[in-house]
Amino acid sequence: QQLNMPKNLEGEREKKTDNIITKIKPQAAPSDKPQQLSDFEYKKQVEWLGSLYTITIQRHADKELPMVTDSDGKKYYDNKVEVLITRADGTEFFKRTFKKSDFKEFTDNKYGRNGAFIGFMFDKVEGNYLKFGASVGSPDPNSDEFIPIDVAINNLGAVKITSSVQLDTEGDDAEKQPQGKPKTELEMAEEEGM
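Small disclaimer: the values here were computed from a predicted structure and weren't measured. (Residues numbered from 1 in each chain as written. Predicted model: local features only at pLDDT ≥ 70, side-chain atom pairs only at ≥ 80, totals over all residues. Heavy atoms only, no water.)

J.: Looking at this model, I keep getting lost on the sheet that holds strand β2 (residues 51-61). Mind explaining?
T.: Overall, antiparallel pairing links the four strands, which are arranged β1-β2-β5-β6 in an open sheet. Two strands in the sheet have a free side with no partner beyond their single neighbour: β1 (40-48) and β6 (92-98). Along the sheet, successive strands turn relative to each other by an average axial angle of 10°, direction set aside. Strand direction decides the pairing type here: strand β5 (residues 79-87) and β6, joined by six bridges, are antiparallel. Its bridge partner being in β6, L84 is matched across the sheet by K95. (Pairing = 2+ DSSP bridges. Helix = DSSP H or I, 4+ residues; strand = E, 2+ residues; numbered from the N terminus. Axes fitted to C-alpha atoms, helices over the stretch in contact; angles between N-to-C directions.)

In structure tokens, the structure reads:
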């Protein structure tokens, strides 16, 4: 009889172990649900061409945009970024919602196709331009895989989007360089039969 007891105890233990495994499993399931990058708002006052302007940048996930994936295959919602620039008297000088598609000329590679619109920040005032930096790349917050893009807004509210890859010094320059050329995008589109 005594010999049987440890076996029973073992059986009990095994059952408990099973229960623990069962409890852990459901927690893993939500990772199939799309993730989203946290919303953020950035506000800055700048002096530009002798006047004061307030720049407001807001990023939020947009569930209506096509999904994006990171290198582990995790799904994320893509983002929209609203840029609002107001004059000192509060009137609107510039307002536009940017999406990843606005930068497709520079993002027709793996980062652009699978990546998200991850960032948009004010850089500096330069002459009659307000300069910003945008980034499209892996939605994984811990990743540093992205394409840097320059966005300039002039005093007439016109937007100029250019690749900032040329500014990158050495390293993976050669790998990224061709992505900034619209011709490459066209060639890729043709290859994909678009």
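J.: Honestly, unusual backbone geometry in this entry has me stumped. Any pointers?
T.: With the exception of glycine, the majority of residues adopt a negative phi angle, and the majority of peptide bonds are in the trans configuration. Of note, the phi angle at L49 is positive, near 50°, even though the residue is not glycine. For L49, the position within the fold is in the loop between β1 and β2.

J.: In this structure, what is going on with the side chain of K100? I would like to understand it.
T.: Mapped onto the elements, K100 comes out in the loop between β6 and α2 (110-114). Residue K100 is classed as buried on the basis of its relative accessible area, which comes to 15%. At 2.7 Å, the side chain of K100 forms a polar contact with the backbone oxygen of G115. (Buried < 20%, exposed > 50% of the residue type's maximum accessible area, 1.4 Å probe, protein only. Polar contact = N/O pair within 3.5 Å; in protein donor to acceptor, adjacent residues only side chain to side chain.)

J.: Would you mind showing me how to read the nonpolar core here?
T.: Soluble globular proteins tend to bury their nonpolar side chains together. Core analysis: the largest hydrophobic core is formed by 24 residues, its most contacted members being I85, F103, F120 and F132. Going through the elements one at a time, β1, β2, β5, β6, β7 (116-126), β8 (129-137) and β9 (146-154) are the ones with two or more residues in this core. In contact with I85, not counting residues within four places along its chain, are Y53, T54, I55, T91, E92, F93, F94, L130, F132 and I153. With five residues, the next largest nonpolar core counts L37, V68, Y76 and A116 among its residues. (Core = buried A, V, L, I, M, F, W, Y, C linked by side-chain atoms within 4.5 Å. Contact = heavy atoms within 4.5 Å.)

J.: Hey, could you run me through the pairing of β1 in this one?
T.: Side chains on a regular strand alternate between the two faces of the sheet. Here β1 runs beside β2; their pairing, made up of nine bridges, is antiparallel. When the sheet's bridge partners are listed, E41 is paired in β2 with Q58. Linking β1 to β2, which pair antiparallel, is a turn of two residues; within it L49 sits at a positive phi near 50°.

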